[in-house]
Every structure is written in structure tokens, then in C-alpha cells.
Protein chains: 2
Amino acid sequence: MLAGTTVSSSDRLSIGAKSPLTGGIKESNAGGIVGTRIARQGLRCIALEDAPGKESEWKIIVVGKDGVEFEDGTFLEGKGVYEKSDLLAEKYGRKAGCITIGPAAENLLLASGIACSDPHGVCSRYAGRGGLGAVMASKRVIAMVILDDGEVQPDMVDPEAFKEGSKRIVKLLKDNPVSSLFTKYGTAAMVDICQSLKVLPTRNFTHGTIEGAEKINAQTMYDTIEKRGGEGKTRHACMHPCAIQCSNVYPDKDGKLLCSPVEYETMALMGSNLCIKNLDVIAEMNRIANDAGVDTLDVGAAIGVAMEAGLAEFGDEKAVIRFMEEVRDITPLGRILASGCKVAAKVLGVRHAPHVLGQAIPAYEPRGTKGMAMTYLSSPMGADHTFGFTLRDEEEPASKEGKVELSKKFQVIGSRMDAMGMCNFVRYSVRNDMTPLLDLIKAFYNVEISADEFDDFVKETLRIEHQFNTDAGITARDYRFTETFYEEVQPETGETMDITDEESALARQW
Amino acid sequence: MLAGTTVSSSDRLSIGAKSPLTGGIKESNAGGIVGTRIARQGLRCIALEDAPGKESEWKIIVVGKDGVEFEDGTFLEGKGVYEKSDLLAEKYGRKAGCITIGPAAENLLLASGIACSDPHGVCSRYAGRGGLGAVMASKRVIAMVILDDGEVQPDMVDPEAFKEGSKRIVKLLKDNPVSSLFTKYGTAAMVDICQSLKVLPTRNFTHGTIEGAEKINAQTMYDTIEKRGGEGKTRHACMHPCAIQCSNVYPDKDGKLLCSPVEYETMALMGSNLCIKNLDVIAEMNRIANDAGVDTLDVGAAIGVAMEAGLAEFGDEKAVIRFMEEVRDITPLGRILASGCKVAAKVLGVRHAPHVLGQAIPAYEPRGTKGMAMTYLSSPMGADHTFGFTLRDEEEPASKEGKVELSKKFQVIGSRMDAMGMCNFVRYSVRNDMTPLLDLIKAFYNVEISADEFDDFVKETLRIEHQFNTDAGITARDYRFTETFYEEVQPETGETMDITDEESALARQW
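What you see is a predicted model; the values in this text were computed from it and never measured.

Draft legend 1. Representation of helix α2 (residues 81–92) of chain A in the model. Residues and elements named next belong to chain A. Here α2 is 12 residues long and its end C-alpha atoms lie 16 Å apart, about the 16 Å a rise of 1.5 Å per residue gives. Every buried residue of α2 is accounted for by Val-81, Tyr-82, Lys-84, Ser-85, Leu-88, Ala-89 and Tyr-92. Buried residues in α2, looked at end-on, bunch into an arc of 160 degrees, giving them a common side.

Draft legend 2. Broad picture of the sheet that holds strand β10 (residues 247–251) of chain A. All names here are of chain A. The strand order across the open sheet formed by three strands is β9-β10-β11, and the pairing between neighbours is antiparallel. The open sheet has two edge strands, β9 (233–236) and β11 (257–259), and neither has a second partner. This sheet shows a mean twist of 45 degrees between the axes of neighbouring strands, independent of strand direction. Along the sheet, helix α10 (residues 279–292) makes contact with β10 and β11, crossing β11 at roughly 75 degrees.

Draft legend 3. Representation of the interface of chain A and chain B. Each side of the interface is counted separately: chain A has 22 residues, and chain B has 22 residues. The interface formed by chain A and chain B includes two salt bridges. We note a salt bridge from Lys-54 of chain B to Glu-308 of chain A, for which the minimum N-O separation is 3.1 Å. Here chain A is connected to chain B by eight residue pairs in polar contact (both at pLDDT 80 or more). For the side of chain A that touches chain B, the class distribution of residues is 10 nonpolar, six polar and six charged.

Draft legend 4. Main features of the domain arrangement of chain A. Residue and element names in this part refer to chain A. Split into domains, chain A comes out as domain 1 (13–146) and domain 2 (366–510). If you average the C-alpha positions of domain 1 and of domain 2, the two centres end up 28 Å apart. Taken together, the contact pairs 10 residues of domain 1 with 11 residues of domain 2. Contact with domain 2 buries area across many residues of domain 1, yet Ile-25, Glu-27 and Arg-129 alone supply 50% of it, more than any other trio. Seen at the junction of domain 1 and domain 2, the total is zero salt bridges.

Draft legend 5. Spotlight on the side chain of Lys-26 of chain A. All names here are of chain A. Its location among the elements puts Lys-26 in strand β2 (residues 25–30). Although Lys-26 is buried, it forms no salt bridge, and the closest oppositely charged side chain is Asp-384 at an N-O distance of 5.1 Å. One polar contact links the side chain of Lys-26 to the main-chain carbonyl oxygen of Met-381, over a distance of 3.0 Å. With residues near it in sequence (within four places) discarded, Lys-26 still touches Ile-15, Gly-16, Ala-17, Ser-19, Arg-129, Gly-130, Leu-132, Gln-359 and Met-381.

Draft legend 6. Just the pairing of strand β8 (residues 141–146) of chain A, in detail. Residue and element names in this part refer to chain A. Across the six residues that make up β8, a large majority, six, are buried. Direction of pairing for strand β3 (residues 59–64) relative to β8: parallel, over a ladder of five bridges. Pairing of Ile-61 across the sheet is with Met-144, part of β8. Strand direction decides the pairing type here: strand β5 (residues 97–100) and β8, joined by four bridges, are antiparallel. In the sheet register, Thr-100 faces β8, and the bridge partner there is Ala-143.

Draft legend 7. Focus on the nonpolar core. Counting residues in each nonpolar core, the largest one holds 254 residues, and the members touching the most others are Ile-303, Tyr-364 and Leu-437 of chain A together with Ile-303, Tyr-364 and Leu-437 of chain B. Setting aside residues up to four positions removed in sequence, Tyr-364 of chain B forms contacts with Met-190, Cys-194, Val-199, Pro-201, Tyr-264, Glu-265, Thr-369, Met-372, Tyr-376, His-385, Phe-389 and Leu-391 of chain B.

Draft legend 8. Representation of the relation of the copies chain A and chain B. Rotating chain A by 180 degrees and translating it 0.0 Å along the rotation axis places it on chain B, where the RMSD comes to 0.0 Å. This pairing of chains is accounted for by a two-fold axis. No C-alpha of chain A lies nearer the rotation axis than that of Pro-332 of chain A, which sits 2.8 Å from it. Take the interface residues of chain A: 100% of them recur as interface residues in chain B, which is what a same-surface contact looks like.

Draft legend 9. Summary view of the pattern of salt bridges. Within this structure, the stated rule accounts for 52 salt bridges over all chains. Here Lys-171 of chain A and Asp-175 of chain A are joined by a salt bridge, their closest N and O atoms 2.6 Å apart. Taken as a pair, Lys-171 of chain A and Asp-175 of chain A lie in helix α5 (residues 159–175) at a separation of four residues, close to a single helical turn. The exposure class assigned to Lys-171 of chain A is exposed, which follows from its relative accessible area of 52%. On the basis of relative accessibility, which here comes to 51%, the residue Asp-175 of chain A falls in the exposed class. The salt bridge partner of Glu-503 of chain B is Lys-400 of chain B, with a shortest N-O separation of 3.1 Å. In this pair, Glu-503 of chain B is assigned in helix α21 (residues 501–506) and Lys-400 of chain B in the loop between α15 (370–376) and α16 (403–420), connecting sequence segments 103 residues apart. Taking the relative accessible area as the measure of exposure, Lys-400 of chain B reaches 22% and is therefore partly exposed. Taken together, the shared-partner salt bridges in this structure form one network comprising Arg-129, Asp-295 and Asp-298 of chain A.

Draft legend 10. A positive patch on the surface, seen in detail. Residues Lys-342 and Lys-346 of chain A together with Lys-342 and Lys-346 of chain B make up a contiguous surface patch of positive charge. Of all the secondary structure elements, the ones that give two or more residues to the positive patch are α14 (340–348) of chain A together with α14 (340–348) of chain B. Within the secondary structure, Lys-346 of chain A is located in helix α14. Lys-346 of chain A sits in the partly exposed class, given a relative accessible area of 32%.

Calculation notes
- Residues numbered from 1 in each chain as written.
- Chains lettered and ligands numbered in written order.
- Predicted model: local features only at pLDDT ≥ 70, side-chain atom pairs only at ≥ 80, totals over all residues.
- Heavy atoms only, no water.
- Helix = DSSP H or I, 4+ residues; strand = E, 2+ residues; numbered from the N terminus.
- Expected span 1.5 Å × (residues − 1).
- Buried < 20%, exposed > 50% of the residue type's maximum accessible area, 1.4 Å probe, protein only.
- Arc of directions from axis to C-beta.
- Pairing = 2+ DSSP bridges.
- Axes fitted to C-alpha atoms, helices over the stretch in contact; angles between N-to-C directions.
- Contact = heavy atoms within 4.5 Å.
- Salt bridge = Lys/Arg side-chain N within 4 Å of Asp/Glu carboxyl O.
- Polar contact = N/O pair within 3.5 Å; in protein donor to acceptor, adjacent residues only side chain to side chain.
- Nonpolar A, V, L, I, M, F, W, Y, C, P; charged D, E, K, R; others polar.
- Domains from an automatic or database assignment.
- Buried area = accessible area lost by both parts, 1.4 Å probe.
- Lys, Arg positive; Asp, Glu negative; His and termini not counted.
- Core = buried A, V, L, I, M, F, W, Y, C linked by side-chain atoms within 4.5 Å.
- Least-squares fit on C-alpha atoms with pLDDT ≥ 70 in both.
- Patch = residues over 30% accessible without salt bridge, like charges linked within 9 Å, V, L, I, M, F, W, Y side chains within 5 Å.
- Areas by Shrake-Rupley, 256 points an atom, 1.4 Å probe, with all protein chains shown as cover.
- Charge placed at Lys NZ, Arg CZ, Asp CG, Glu CD.

What follows is the structure in C-alpha cells.
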């Protein structure tokens, strides 16, 4: 709604398709500059329909002020995302908004994501989840480029009111304790929170705490980045403008950029979940994942399963890097890991596969937080941490009492941001009052919409998404964790999964 | 019903469970001597309930006249089926009825089967389909032994009538053109039939004929076995008594047993489907499959998918042996292949995966035979060639007209044999008149049952099986081929798949 304007954190790029990972609807969004570039071309949406055969040559779709071109993309084939990113920048300029995929997607692997240009012209902002990279590859589109020649400026009905409203958003973000904490520490702040709540995924989601969590927490990350200096940044914006700047640049020992960003979900799924307590190793895994073009959550969870299968010991730092190299090199084992934890568990003979609808559970152990568990079981997109985030508002996280209502409340709060195209972290500032954003819509479009009307629209979206899944053959029985979560106790909380099919069905009812 | 008696082909062993391959009900049956041994112990059924944890040690369940023992089975762990078979024979005697699993099952792989003793005391008769080996392994049972000390003799109500009825079955089998053809050529006779009907699976189920099919047909097999002599046998019984003797012993160039039996389904899925036109290579693949403990159909189909993914050229004889060695050695690629073609296609990024409900399509290209296609879409067990075998009775195989009724007719005919515990090939002799078998039941048990009553019982079984699947979360949308079968023409017949969900649902209605 507000992409291309001066409103903070309003330029998220949303990518959607039928997910080959879950078999249902998928929307995955990314920061970066592509949303801005699309707005500057005067576009709101780009749709790719149908798919040529797999014998068709790779194409780059180039969108500019003079139209759309399908250019030869074969020179990008098989290359890592970082190299593709450089080749695209060389050809189309660092300021072009580029979207590309890695070797994992070219090989149609289920955990492959889509990489989008960050403000430095590096494709490192991921619409990572749901295997959307494989969808793009199945269309034989190896990259899309939105040229930096767009001349369309936002044309507000009431520019003054819009300017005032935009300033108000910045103030709200800066005043909010959650988003301002993210400014200093980024999402890494969640490590300590989850460790204390006993929901930090550990040892393939069999535990909720890990000894030595402080080695990979926000303070250690902050101190490491500060100490190493160089290209490192504790605070960094994935898009402009942004008043939160939760991103970071994690430097290697020589101060050179190793990976940007390194986020909590990755630190948990590729860190604590594998008993890896070394930020350098996590950042290196993250870098290889970005280069291979895979989701760090789904591959992290798959590596956890591989470790449970005995392919390596938990905590083995060399093994996890080797696993990631196998992913990048698309070896048979790499293919298994880049297929996500559900498929990996089948192939590796493991029962305890942490997923819902085939998508890996994010970094909150569900037996310890029944609100998040309810959300995982209710999302039309498989287990999802950007949807219905209850954790901060659960008085008794391990109890399922009242969690249908709580999850639904936060499903609406989160989905409002997706519907606006805003960064998910803006929700903390407007969760009790959407007026600041609705006022901006009025000032821009002269469309008056009440908070209730907006929520009705959000709920209608959820209904349509669930209907899509039903039409795709997904049933109530698919919205479950694997049996082990119901049978086996999480030691730190003494909890098993106790949410019934009936309860989770209520949380999907709109 | 008649196991342990003098009735030909009546000692099939039926093994059932919830299938990890399809997620639904599974019954898979095998020839060999185990059925006889169970009857001699006075048993009709052995049920294994629950499962210990994966840390439990491997057990052998030994059933004898003095009771049941759980013995240590750790000495069998990790060994191939042939070696396991020898070790079991050494310990329990060649005449004991043994059931064991291979390394694939120990690793819980989805295409793993269960191997049962043949009359020579070699575990080479497979209940191959549906991943039942993995189910047995999940219970930490590495072998079951039915000792040859059973003293229970069949106690007929009317021995004279039974003896007469038993002779009548032999005469019916010998007079029947289909079963008598199997006596000479075994199931290999199907190669020429399917080639001429254009439904011989070729090149990962993209074609229905192959140039040079005569190199792997029944006559070539017959001539090869005859010429090599030695341990080779063109005619061989998997159980005693049997008047059909469709089995064979395929010898190597020196006349030593290479594999017994080599059957049509394997010759197609591991032969024509991979463009392999060399019986020695197929027999060697079959031997390795038996040793690894995997189903030749599901792994053959998975190799077809791997070849389509470009992992080897179709027809590459060295590559297919290497693939099978990877299966036996449980390498990452071997795990992928031993997970069946549905999972392999996901991991290898291939759309054209020949399966229904996750179980590989048997050796009849469905676009060319809509009767078999209807059957594949109707079986509660995934694509299955022992269920509703219409091919010999389709006037226009490529047309779907009348195929709901035809498939249902043969579903009943085939299911009667399963319900009786008879070999499926007896059906040709009693398809129009079940009286000869029903008379045997009367003579044995003094139970009078009409043909209609028996069919009602069979239909009730099918209803229960479908209800099991529904309860397990399988829906009408799961009974489909992959999209490619609907989109892409089989060149030899010009046909695509045109059976609708509504039509296949009718064929599952009882």
C-alpha cells in the first residue's frame, strides 16, 4: 500500500505461489530494495503464469520504464547467489532491484528460496520459505530485474497529512520497547528470551534450553561485531527508509563481511538446534545457505534430523559446515537436506521431524509455548513465526488454555502487516491502534477504511487462503505435528503436545 | 483358509500394517514356506503390537510348539538378507520358516520389504510392497522364525471330499491357458504381451514400447536358462504344493544361481523402464535388491526418476548396478532410491513420478490401459498389479469407457484370492466359478458359504480398507497420478490420463 513512499519499513516485497514444500498457499516476504523499485515503475504486482518445459533455456525478466524484456539467463546457471548477484549488478547496475535463485532452486529443491537485492545491491534478502525458489525455477526464470529507471513518484491526495503521518510512524517505532530493542540487538535478542522461557529449540527439537546459550546470544553477537569492527555493523537497515534497522553485518575475524544479516531464527535452527554454540560457524552456515539459495530454517531443521539419524554428532562444527557445502554442491546428501526436514526424515529414517505441513517449525519449541504451537497448527502456510506471534503475550506459555483466541488475535495483528506490505515488526507499534496506518491510506488514496473494516478484509484473506488449501487437498489431519511431539515429553517443561484437531480447527475458522 | 493342506498354491503368507510408504492400509503377500509352517503350529495369525524405542536391541521372535521366545538378534544387524538367511538357517535349520529384513528396512526406508523362506530355506520370497520392512524394523524385530517342529495337521470334516476338491484345483490350473503359460515361461510372458499392447513401461514411464524388447522377453529368458543349465530352472515352485510353478532360477554364465525368481514386474521396472535390455543386468539388480531388502518395483521406478534427473543415461548398465550397490550400502543416494519414486522425485527435482499414493506404478503404463489405471486409482494400497487386473480383458485398453465396472469386477476377483490366502494366479481358474474353492471350505470346516456371500465378505473387506485410509487422512485428491500423466501424451497410444476424480471415486465405492 505504501511502498515507494517515505513511510518507514513499508517496502516489503511479497512473493506468493502454491508451495511445493507444503502443497498449500504460500506468501513469503523479503526486505531489500525490490519493493521500492517496483513502486517506482508504477507497478503493484507482477504475475508469472504457466511454465515452459524444463528444456527451455533460463531467462531473465527485465522490467524497466520502456517495458518488459525476456533476456538470456544461461550465463547465470549453476552459479551461487553471491556470484549471480555480482553478475546482475555488473550488467544492470548496483541500484537495480534484482531477484534471483540459487543452485538449490535450479534443482527444484523444496527448501529453496528467492533472494532479493539489499540496499548495497547484494541479493541477500530472502523470501526464504515454502520452496518459492523452485517455483520460480520451474518457470525457467533465473532472475528478475527491476531497473532503476522508474520515474513514477507517489502521488498523494494529501501530501501534508501523509508527511505528518509518516513522521508519526517513526516516533511510534522509536518509542516502542520491542522495536527499539531490535534496533540495538536485532532479532538476536530472542535467544535469551527463549532460553529463559525454555523454548529455545535444541538438539533436533528435543529440548528447550541449551547449556552455554550465552555463547550465541545477542550480547555476544553485539560485542563480537563491535570488537571486530571493519565492515561489521550491529545496526543496519534492510530497506530505506527504516527506523528499526534490526539487520546487522556479521564480520569475520579480519573484519570482512561474512554474512548479512544473521538473524535469530537462523541462530536457533542452525545453532542451538544443532548444539552449535559458535557464532562464526552459524554465520558461515548462513552464508553458504544464502549462496546455495536455501531457507536457513528448513535446512537447519533437516540437519538436526540428520544428526539424530547419526550422520554426525550434535555440536560437530566441522560436520555442519560440510553438510552446508553438500547443499551448495547439490550432492545426494545435499539434496536430502535441501528438501526440508519432513522429506529428510523420511529418507533418513527419523520419526521426530519438526514441521507442520512440511514446513520446519521456527525457533520456538511448541510443547513449551502452546500459543505458538496453536499458530503453527493454524497457519495456512505451515509452521510460521511471522504469523500469530503469541509468545510475548502468553502468561502461561505451556498451557493451552485460551490459546485459540490468543493465536487468532495475533494472526490478525500479523496479517495486517502482510496486507499492508509493511515489515512485520511495525506491528508492535500499531497492534492496539491501526489508526496511524489507516490515516496514511486516507492521505495517500483518499480511501477511508475503519479498523474493523480493515480487519474484516484481513480475515477474508485468511478464509481464502484456507479455502485454497482445502481445494488443494489439505485436510484437518494435515495440520498436526509428527506423532513424537504428542508422545514425548519436552524435559524442561514436562510438556507434551496436547492441542487437539478440534482446537486447532477452531483457530483456522474465520 | 487352506494353508497347510494339499491344495495347490494355498499357502501364501499375508503381511499387513499401516504403510509408511502410502500412509494407508497395506497387505502384501509372499510365497515360500512360512505360511505352511504357521499352519503346522496351529496358528492363523501372528500380531505384533506397539513398538519399543529405537534404542532397544534387535530381537528374533521364535515360534515353536513349546511357545514363543524373544531371542537376541544383534548378530544379524546390518547384514544383507542372503547372509541373514544363512545365519538363521544355521541356527534354526533350513526347514524353519524365516522372515527377515534387509539393511534398507533397518534404516526405516520406505521401499523396504520383508523376505520369507523359500522351499530351499533361502529368504527370497518377498512381501515387497508398502514399506512393511520398515514397520517390522520399527518394532525392532529383525527376524521371525517359525520352527519346523509344528505338529498340527489339518483336521478336515470331510477328508475324502477335500482330497477330491484338491485334485480338481490341480486340474483347473493345468487346463487353464494363462496359468499353464506361466508354468512354462513364468510371469516373463507378460513382456511380449505388454509390448504389443504398448503398455510396457519404458524410459521412466514416458513410453509404452521399447526397441529390442525381445532381448528381455520370456523366450530369451527361457533359452538363456536352458542353455546355461547348471542350477538354472525355467520352472520352479515358490511353495509346495503348487501346480503352476511360475517361479524360476536364473543362473549366471557359469550356471550358478544368480537370482530366484526373476519376475516380469522386475524385468519391466528395472529393465525396459530404465532402457536396460540385458537379463544378466536385471538379474543382478534383482539380486542386490533382495539382499538390501527393497522392493524391485519401487526402487526400479526411483532409478527411472534418477535417470530422468540426469544422474545417468537411460540404458547405462554400469550405472544401474552402481545405483543398486548404493542402495545396499545405504549411501545418501541409496537412501533416496530406497525411499521410492515419489520421495526420490521430490529430492531429485523431477515432476514425472510414476506412483499412486506414493507406491510405484507396476508394469503397465496407465495411459495405455485405462482399466489398470482405474485399478491403480482405486486400490486402497496405492498402485498395485495384484488388485483388479483388467488388462487381459480390455477390448479397447486405451479407452476409459466401462472401466469403472471392469476394474471393480476384477477387484473382487483378485481380492477373493487374498481373502482365501491363495496365490493370485489361481484366480484365472475360478474367476467365473468359485465353487471349487468354496467346496474345499465346506469339506474342511463344514461351513457352507455361497459365492455371493463370499463376494459380500470381500466387498466388506474393501469397504473397511477404504475407511481405514479415510481415517488415516487420505482423501479423494490423493488417488491421482502426478500431473504429468494428465498433461503429457504417451507417444505410442496418443493417450493422456483422462480418468476424473469422480470416476475413480466410483471405483472405490463398495
